[in-house]
Every structure is written in structure tokens, then in C-alpha cells.
Amino acid sequence: MNTMIISLLIVLILLLFILIVVLAILGNRFLKIKESQVNISQNTDSSKVDSQTDKQKTKVEKRKVSPEILEALRSKGVDKSQINSVYCNDHPDVYSNGKCSISLEPLCEQCLSKQGEILVGRKYLDLFLESEWEELFMIKQDKDVKDRFLKTKKELWENDQLPVIIQGHYKINVQDDNIEEYIVVLARPEDKDVVKRSFKWH
Ligand SMILES: [Zn+2]
């Protein structure tokens, strides 16, 4: 009787052992399956993320393209003006901001001073402020006239150190409602005769 119970117990223990082993194997498989499922879902997640970043990329690229085009369009004008403009005579790496009325040098903002309507290089500011300026004549402007005036003015300054200021002046013609451009020539009283003679061709 005792041996019967013992053998039954042994069988039971064996069965339990087998059950545990089977459960362990099953559990292991289950875990593996779950892992792979997780992996799959992670993969799909990451592919989702990828497609999202792709979308973002294309969005970014799209966004990138249009500002670039805009920039290009905008800079076109800037480039044009930069190509046309020149550098300051005293600062070769700075764009000029205008021409000195006395020397006609292109100068930068730092080198120019605005005296009313007239731009004067700071280095000639004393000359400008200490001189009296007399209007010698006013003449209706066209391209030819302006070029000749500027040429004569340049010669007077470079050859004889005579400062002459040429100003643009606008007049509204009431009769035909036109804006007419004039040139006003200013000189120091002491230079008046020489300057007048130099401009006598006009
Ligand atoms: Zn400068």
C-alpha cells in the first residue's frame, strides 16, 4: 500500500515536472512571439516615424525652396544695385552711400555728411561750411548737359582745386503738368568768374 502511494506520488511529481517543462517551453515561445510582435510594432512605429520625417523633410524642403526663390528674387534687385554701386573711396570694403558734391568721390555713410539737400564728404565739410555759395545759373537738364557740367566741374576741382556744387532741382510746369529737372550751379564768390568762363558753353 505504501509503495503504491509512493509510486503514485512519483508519477505525480514526474507529471508536474513535465507540466512545468511544457509550460516553460510554451512560455518561452510566447515570450519570443511577443518580442517579435513588439519588434514588428516597433518597426511599423519607426517606419511611421520615418514617413513622418519624410513628410517633414518634404515640408521643410518645400519651405526651403520658396524662401530661397524669394531670397533669390529679392537679392536680384540687391545684386543689381550692388553691381551698379561702387565702394567708398576711403573704405574699399564698404559700399558708397552717395557722391560728395565737391569732389564727386563715392563715399560711404560714415564719410558723408548731409547738409540740407547737399551731400558733402566729411573731409570737405570745413571747405563747404566756411565758404559762401552763390548760385551762378540754373539750366534745364538733359543727360548731355548733365554729363558736360559734371565733366567741367571735375576738371575745375582736379586741376584748379575750385569747388563747384551742382545740384539737381525740380520744377513743376503748371501748364503741361510736367516735372522739369534743372541743374543749379553753385560756386564761391571768389571763383565766380573762372567758373562762369569754364561753363560758358552752356
Ligand atoms: Zn567711407
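Just above sits the structure.
Residues numbered from 1 in each chain as written. Predicted model: local features only at pLDDT ≥ 70, side-chain atom pairs only at ≥ 80, totals over all residues.

**Overview of the overall build of the protein chain**
As a reminder, the rule being used: Elements are defined by DSSP. Helices are runs of H or I of four residues or more, strands are runs of E of two residues or more, and each kind is numbered from the N terminus. Any residue surrounded by 20 or more other C-beta atoms within 10 Å of its C-beta is treated as buried, while 12 or fewer makes it exposed and the intermediate range makes it partly exposed; C-beta atoms here are placed from the backbone. Here, residues touch in the contact sense if the C-beta positions derived from the backbone fall within 7 Å of one another.
The helix and strand inventory of the protein chain stands at 4 helices and 7 strands. Of the regular secondary structure in the protein chain, the N- to C-terminal order runs α-β-β-β-β-α-β-α-β-β-α. Burial statistics for the protein chain: of 202 residues in total, 10% are counted as buried. Contacts in the protein chain between residues at least 24 apart in sequence constitute 39% of all its contacts with a sequence separation of at least 6.

**A word on the pairing of strand E3 (residues 112–115)**
Inclusion rule: Strands are labelled as partners when DSSP assigns at least two bridges between them.
Pairing between E3 and strand E4 (residues 118–121): 4 bridges, direction antiparallel. Note on E4: the bridge partner recorded for Gln-115 is Ile-118. Joining the antiparallel neighbours E3 and E4 is a turn of 2 residues, in which Gly-116 adopts a positive phi near 65°.

**Digging into the nonpolar core**
What counts is decided by this rule: Note on definitions: a nonpolar core is a set of buried residues drawn from Ala, Val, Leu, Ile, Met, Phe, Trp, Tyr and Cys, linked by C-beta atoms within 7 Å. Each domain span listed reflects an automatic or database assignment of domains.
Counting residues in each nonpolar core, the largest one holds 14 residues, and the members touching the most others are Cys-100, Leu-107, Val-164 and Val-185. Put simply, the parts of the chain that give this core at least two residues each are strand E6 (164–173) and strand E7 (178–187). Looking at this core element by element, the count peaks at 3 residues for E6. Per-domain counts for this core show at least three residues from each of domain 2 (85–130) and domain 3 (132–202). When neighbours within four sequence positions are excluded, Val-164 is seen to be in contact with Lys-153, Leu-156, Trp-157, Val-185, Leu-186, Ala-187 and Val-195.

**A closer look at the sheet that holds E6**
For clarity, the threshold we go by: To get an axis, fit a line to the C-alpha atoms, keeping to the stretch in contact for a helix; angles then go from 0 to 180 degrees between the N-to-C directions.
The strand order across the open sheet built from 3 strands is E5-E7-E6, with neighbouring strands paired in antiparallel fashion. Pairing within the sheet leaves two strands with one partner each, and these edge strands are strand E5 (134–140) and E6. Going from strand to strand, the sheet's axes swing by 30° on average, the running direction of each strand aside. Bridge analysis of E6 against E7 gives 10 bridges, and the strand direction is antiparallel. Looking at the pairing, Gln-167 lines up with Val-184 of E7. Contacting E5, E6 and E7, helix H3 (residues 143–160) runs over the sheet at an angle of about 160° to E6.

**Considering the pairing of E7**
Sheet analysis places E5 next to E7, joined by 6 bridges and oriented antiparallel. Looking at the pairing, Ile-139 lines up with Ile-183 of E7. Counting the residues between successive antiparallel strands, the hairpin from E6 to E7 contains 4 residues, one of them, Asp-177, with a positive phi of roughly 55°.

**Examining the environment of Leu-127**
Counting through the fold element by element, Leu-127 comes out in helix H2 (residues 125–130). With 36 residues separating them along the chain, Leu-127 and Pro-163 place their C-alpha atoms 8.7 Å apart. Setting aside its immediate chain neighbours within four residues, Leu-127 contacts Ile-102 and Pro-163.

**What to know about the environment of Glu-132**
Within the secondary structure layout, Glu-132 lies in the loop between H2 and E5. Residue Glu-132 is classed as exposed on the basis of its C-beta count, with 9 C-beta atoms lying within 10 Å. Residues Glu-132 and Ala-187, 55 residues apart in the sequence, show an inter-C-alpha distance of 8.0 Å.

**Looking at unusual backbone geometry**
Phi is positive for Leu-104, close to 65°, though the residue is something other than glycine. Secondary-structure assignment places Leu-104 in the loop between strand E1 (98–99) and strand E2 (106–107). A positive phi angle, near 55°, is found at Gln-161, a position not held by glycine. When you line up the elements, Gln-161 lands in the loop between H3 and E6.

**A look at H3**
Keep this limit in mind: Expected helix span is taken as 1.5 Å per residue step, with the number of steps being one fewer than the number of residues.
The end-to-end C-alpha separation of H3 is 25 Å, in line with the 26 Å expected for 18 residues at 1.5 Å each. At the exit of H3 stands Gln-161, carrying a positive phi of roughly 55°.

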